[in-house]
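Below, each chain spelled out in residue letters.
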Amino acid sequence: MAMVSIKDVAAHAGVSPGTVSNVLNRPGKVAPATRERVEAAISELGFVRHGSASTLRAGHSRTIGLSVIDIGNPFFTEVAAGVEDVASELGYAVILGNSAGSQDKEDRNLRVLAEHRVRGVLITPSGEDPARLERLREHGISVVLVDHPAHRPDQCAVAVDDVGGGRAAVAHLLAKGARSVAYVTGPLSIRQCVERREGARAAMRATGLDPAGLRVIEAMTMTARAGEKAAADLIASGLPEAVFCANDLLALGVLRALLRAGVRVPEDVALMGYDDIDFAAASTVSLSSMRQPTYQLGRIATELLLDECDNPETHAHQHIMFQPELVARESTQ
């Protein structure tokens, strides 16, 4: 079967090929009644635009890239949902890249996105090398940081106050009477893990405790299995009165291992997570956590990115910092 062309759609709708092109690429310039007639013709004829050809003509595509550290983490799944919803509403597709915390893999993903001439990239970087992102900007690709503060004033970023979140989490544990606290974290090469640790130490300092007394157990991954192993290490070396975990997956693994060992939560050990994923409230002992506006992070970052892409002359760069919210449940009560 021959492919339906723009000329075929134009003839079917009784308009010029240029009008069809405007409906596809600049729908706001077409009168609503005409646009509806062209869209009906597109649907009736089964027209599919030639994406690569339009990309070559325009110099870019109607796609954006999203690069995250760990798509297996429900936090990033929810961020991606916010990104995709806004992109879909505005007629864009999303290419997802998962760096798995590897800068080499992230570099390969960014190279593929550049080759596809994406309009822009949303990224939670796996490292702290702004030069890698600057190369994208040099190729005319806008970049917005997600869950990460901006490297420069002329770049948009949407982030969460991780120092404040770590401080609030441990302040809550100390207010419940704990005086010995362990921090179970992912790799300390990850900025969020470091900043949550600094917040935890600040809370101890504010209570008159020595921040050096914070026991830090570093896991190589931020998964439930890594949390179980960390809990086994804690049990072997002597349990603290409270455990703060850098994310909920670690905390759920710690919880499972503690309960299996006969340790009562929160009577013997209070437990605090971070992110407030759906599983936190549904666990055997509902998990106290620091809630992040994950879906909103994705939505707002995408709105900023596409505004920069579509309105470069009027776009104003923004650095948006959210505050996490303490959600207290059974694991600390």
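Residues numbered from 1 in each chain as written. Predicted model: local features only at pLDDT ≥ 70, side-chain atom pairs only at ≥ 80, totals over all residues. Heavy atoms only, no water.

- By the naming in an unreviewed UniProt entry, the protein is LacI family transcriptional regulator, taken from Nonomuraea deserti.

1. Some remarks on helix H10 (residues 224–237)
For step 1, the next point in the chain: With 14 residues, H10 extends 20 Å between its outermost C-alpha atoms, agreeing within 8% with the 20 Å of an ideal straight helix rising 1.5 Å per residue.
For step 2, the next point in the chain: In this structure, the buried residues of H10 make contact with strand E6 (181–185), strand E7 (215–218), strand E8 (242–245) and helix H11 (248–260). (Helix = DSSP H or I, 4+ residues; strand = E, 2+ residues; numbered from the N terminus. Expected span 1.5 Å × (residues − 1). Contact = heavy atoms within 4.5 Å.)

2. Details of the pattern of salt bridges
For step 1, the next point in the chain: Here the structure, examined in full by the defined rule, presents 19 salt bridges.
For step 2, the next point in the chain: For Arg196, the salt bridge is made with Asp162, and the minimal N-O distance between the two is 2.7 Å. Here Arg196, found in helix H9 (residues 191–206), pairs with Asp162, found in helix H8 (residues 162–175); they are 34 residues apart in sequence, far enough to count as distant.
For step 3, the next point in the chain: The salt bridge involving Glu198 is made with Arg201; its shortest N-O contact spans 3.5 Å. Of this pair, Glu198 and Arg201 both sit in helix H9, three residues apart, which is roughly one turn of that helix.
For step 4, the next point in the chain: Relative accessible area serves as the criterion here: at 32%, Glu198 is assigned to the partly exposed category.
For step 5, the next point in the chain: Overall, Arg201 belongs to the partly exposed group, its relative accessible area being 24%.
For step 6, the next point in the chain: One continuous salt-bridge network, built from bridges that share partners, spans Glu134, Arg137, Arg152 and Asp154. (Salt bridge = Lys/Arg side-chain N within 4 Å of Asp/Glu carboxyl O. Buried < 20%, exposed > 50% of the residue type's maximum accessible area, 1.4 Å probe, protein only.)

3. Digging into the domain arrangement of the protein
For step 1, the next point in the chain: When the domains of the protein are assigned, the result is domain 1 (6–49), domain 2 (61–160 + 294–323) and domain 3 (162–292 + 327–332).
For step 2, the next point in the chain: Counting from both sides, the interface comprises 10 residues of domain 2 and, opposite them, nine residues of domain 3.
For step 3, the next point in the chain: Across the interface of domain 2 and domain 3, roughly 1,000 Å² is buried in total on both sides, 50% from carbon and sulfur atoms.
For step 4, the next point in the chain: Linking domain 2 with domain 3 are zero salt bridges, by the criterion used here.
For step 5, the next point in the chain: Inspection of the domain 2/domain 3 interface yields four residue pairs in polar contact (both at pLDDT 80 or more).
For step 6, the next point in the chain: Its residues assigned to classes, the side of domain 2 that touches domain 3 shows four nonpolar, four polar and two charged. (Domains from an automatic or database assignment. Buried area = accessible area lost by both parts, 1.4 Å probe. Polar contact = N/O pair within 3.5 Å; in protein donor to acceptor, adjacent residues only side chain to side chain. Nonpolar A, V, L, I, M, F, W, Y, C, P; charged D, E, K, R; others polar.)

4. Things to note about the sheet that holds strand E1 (residues 63–68)
The strands that make up a sheet are held in pairs by hydrogen bonds between backbone atoms, and each pair lies either parallel or antiparallel.
For step 1, the next point in the chain: Taken together, six strands build an open sheet; the order of strands is E2-E1-E3-E4-E5-E11 and the sheet is parallel. One side of each edge strand has no neighbouring strand; the edge strands of this open sheet are strand E2 (93–98) and strand E11 (319–322). Adjacent strand axes in the sheet meet at a mean angle of 15 degrees when their direction is disregarded.
For step 2, the next point in the chain: Bridge count for strand E4 (residues 142–146) against strand E5 (residues 156–160) is three bridges, and the pairing is parallel. Paired with Val146 across the bridge in E5 is Val158.
For step 3, the next point in the chain: Running over the sheet, helix H7 (residues 130–138) touches strand E3 (120–123) and E4 and is turned about 145 degrees from E4. (Pairing = 2+ DSSP bridges. Axes fitted to C-alpha atoms, helices over the stretch in contact; angles between N-to-C directions.)

5. Quick notes on the pairing of E5
For step 1, the next point in the chain: Counting buried positions along E5 gives five out of five residues, so the element sits mostly inside the fold.
For step 2, the next point in the chain: The alternating pattern of E5 places Cys156, Val158 and Val160 and Ala157 and Ala159 on opposite faces, both of which are buried.
For step 3, the next point in the chain: Note: E5 against E11, four bridges, orientation parallel. Directly across from Val158, in E11, lies its bridge partner Ile320.

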